[in-house]
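Structure assessment
Here is what each chain is made of, one letter per residue.
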Amino acid sequence: MNTRWILTALGLLVGTYTVRALPFWVPDISSVSPRIRRFLEIVPAAALGALIAPDAFGAVSAGLTVAVLGVTVFLTLRGMNLTVVVLVAIGLTWVGITLLPVV
Amino acid sequence: MKQFFSGLGAAIPIAGGYIPVAITYGLIVRTGGLSVLDAGLSSMIIFAGAAQFLAAGMFFSGAGILQIVVSGWLLNLRHLLMSSVIAEHVDRELPLAARSALAFGITDEVFGVASWRVAAGGTIPPLFLAGLEIGAYLSWVGGTILGAAVGNVLPPSVRIAMGMALYALFAALLAGQIREVRGGRRMRVVLAAATSGGLNWFLRSAAGFDPGVAFPLAMVLGALIFTFFGPDGEELKPATAPVPPEEAT
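Residues numbered from 1 in each chain as written. Chains lettered and ligands numbered in written order. Predicted model: local features only at pLDDT ≥ 70, side-chain atom pairs only at ≥ 80, totals over all residues.

Bringing the overall build of chain A into the picture now. Helices and strands together make up the secondary structure of chain A, namely 4 helices and 0 strands. Order of helices (α) and strands (β) in chain A, N terminus to C terminus: α-α-α-α. For a compact globule of 103 residues, the expected C-alpha radius of gyration is about 13 Å, and chain A comes in at 19 Å, more than 25% above that figure. For chain A, the spread of C-alpha atoms along the three principal axes comes to 55 × 40 × 25 Å. (Helix = DSSP H or I, 4+ residues; strand = E, 2+ residues; numbered from the N terminus. Rg over C-alpha atoms; globule rule 2.2 N^0.38 Å.)

On a plain count of helices and strands, chain B comes out with 12 helices and 0 strands. Put simply, chain B runs from its N terminus to its C terminus through helices and strands in the order α-α-α-α-α-α-α-α-α-α-α-α. Over its C-alpha atoms chain B spans a radius of gyration of 19 Å, differing by no more than 12% from the 18 Å that the globule rule assigns to 249 residues. With the principal axes as the frame, chain B shows a C-alpha extent of 55 × 50 × 30 Å. Counting over 249 residues, chain B shows a buried share of 54%. Here the analysis covers contacts within chain B between residues at least 6 apart in sequence; of these, 79% occur between residues at least 24 apart. (Buried ≥ 20, exposed ≤ 12 C-beta atoms within 10 Å, placed from the backbone. Contact = placed C-beta atoms within 7 Å.)

A few words now on the nonpolar core. Core analysis: the biggest nonpolar cluster contains 112 residues, and Ala46(A), Val86(A), Ala165(B), Ala168(B), Leu169(B), Phe170(B) and Met219(B) have the highest contact counts within it. When residues of this core are assigned to their parent elements, the largest contribution, 14 residues, is made by helix α10 (residues 156-180) of chain B. When residues of this core are sorted by domain, at least three fall in each of domain 1 (2-179) and domain 2 (181-237) of chain B. Beyond its immediate sequence surroundings of up to four residues, Leu169(B) is in contact with Val86(A), Val21(B), Gly49(B) and Ala50(B). (Core = buried A, V, L, I, M, F, W, Y, C linked by C-beta atoms within 7 Å. Domains from an automatic or database assignment.)

The next thing to look at is the packing of helix α1 (residues 3-25) of chain A against helix α4 (residues 49-60) of chain B. At their nearest, the axes of α1(A) and α4(B) sit 11 Å apart, and the two run at 145 degrees to each other. As α1(A) runs across α4(B), the sense of the crossing is right-handed. Between α1(A) and α4(B), the residues in contact are Trp5(A), Thr8(A), Leu12(A) and Thr16(A) and Ala51(B), Ala55(B) and Phe59(B), respectively. Per-class residue counts for the contact of α1(A) with α4(B) are 5 nonpolar, 2 polar and no charged. (Axes fitted to C-alpha atoms, helices over the stretch in contact; angles between N-to-C directions. Left-handed = near helix turned anticlockwise from the far one by under 90°. Nonpolar A, V, L, I, M, F, W, Y, C, P; charged D, E, K, R; others polar.)

With respect to the helices, strands and loops of the structure, Ala120(B) is situated in helix α8 (residues 108-121). The sequence separation of Ala120(B) and Ala103(B) amounts to 17 residues, and the corresponding C-alpha distance is 21 Å.

Further remarks concern the interface of chain B and chain A. Taken together, the contact between chain B and chain A spans 91 residues of the former and 68 residues of the latter. Looking at the side of chain B that touches chain A, its residues break down into 58 nonpolar, 22 polar and 11 charged.

Looking now at the domain arrangement of chain B. Residue and element names in this part refer to chain B. Taken domain by domain, chain B holds domain 1 (2-179) and domain 2 (181-237). Using C-alpha coordinates to define each centre, domain 1 is positioned 24 Å away from domain 2. On the domain 2 side, the residues contacting the 12 residues of domain 1 number 9 residues. Looking at the side of domain 1 that touches domain 2, the elements that each hand over two or more residues are α5 (65-75) and α10. Across the side of domain 1 that touches domain 2, the residue classes tally to 6 nonpolar, 6 polar and no charged.

Before going further, it helps to spend a moment on the packing of helix α4 (residues 82-99) of chain A against helix α2 (residues 12-31) of chain B. Between α4(A) and α2(B), the least distance of the axes is 8 Å, while the angle of their chain directions is 35 degrees. Classified by chirality, the crossing of α2(B) by α4(A) is left-handed. Contact residues: α4(A) offers Leu82(A), Thr83(A), Val84(A), Val86(A), Leu87(A) and Ile90(A), while α2(B) offers Pro13(B), Ile14(B), Gly16(B), Gly17(B), Pro20(B) and Val21(B). Considering only residue class, the contact of α4(A) with α2(B) consists of 9 nonpolar, 3 polar and no charged.

Turning next to the confidence of the model for chain B. Residue and element names in this part refer to chain B. Across chain B, the average pLDDT comes to 85, with 92% of residues at or above 70. Within chain B, no element has a lower average pLDDT than α8, which sits at 78, and none a higher one than helix α3 (residues 36-46), at 97. This stretch, residues 235-249, has a pLDDT under 50; its non-local contacts, to residues over four places away or in other chains, come to 43 contacts. For this predicted complex, the interface confidence comes out at an ipTM of 0.85, alongside a pTM of 0.77. (pLDDT = per-residue confidence, 0-100.)

What follows covers unusual backbone geometry. Peptide bonds are trans in most cases, and residues, glycine excluded, mostly fall at negative phi. Backbone torsion omega between Ala53(A) and Pro54(A) reads 0 degrees, so that peptide bond is classified as cis. In this fold, Pro54(A) is placed in the loop between α2 (34-52) and α3 (62-77). The residue Phe47(B) is not glycine, and still its phi comes out positive at about 50 degrees. By the element assignment, Phe47(B) lies in the loop between α3 and α4.

See below:
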């Protein structure tokens, strides 16, 4: 067992659990100032943007990455379930690298 | 007890999506040099997919514990809004210990299914929510252990394709957030995501920053800029009406 890794997990537990539990403990938590609410609303999107770029482009070609992520976004905006979308993306990527080894 | 099993049943579609993603996670942790036990324990302790992938990526690139914890926390701030929608519709008379236990399992997918119940009926029976969360939890932890233990039998092309699951998950979560908001608020969400992604790219390549430093910096800067600037729009209302059925975010 790697102690540093488990400590990291425990640290993440504290942060994640607090965020999830706060509304159960303090029902009025969401009536904070508009500016803080605005920050809370966009910080996860900012995090996701920085998670995708640049790391998504590496394992497979940039063209295939753009195509797969484009389809992912399109299907989600159309209302497709998250888990189904992820499975579609795995399938598309597999088809892409199997059929088009050069792209 | 009937409610509990109904919740477990509602977790089946979640499990269908969780298991391949969890297998990928287990595989990544194992490939990075950690044990099956490390992989399984991290899923048991954290139970937050996107943050776990983030943590594994940063951990293997040598980031410090505090950097990882703060980044994961910022990423999971989105659960604050989801949790407040759920908390509002769970019996307030329920003992604090039970409410606290139910809070542990509010993931994006659990929120998606539970919010459908809110849209249909109003309240969420605590036993239903418990069944839903336990079903999701078991599939996440089980998938992780499976991936860490035997994921290496998968052919390389399948492993590479499953590696894309992570970024598809991020992109879908982002699209889900974009979908939830309207007008000026939507524009701000899009701009913040694009700016943070661009900044992270710039900091990593042109400025030569370490990933563990570039990521939190890009994320906070992108969010701060569009907290203070950007198009105006109606403000987010606390615990807004849940998203429509099937829109798992």
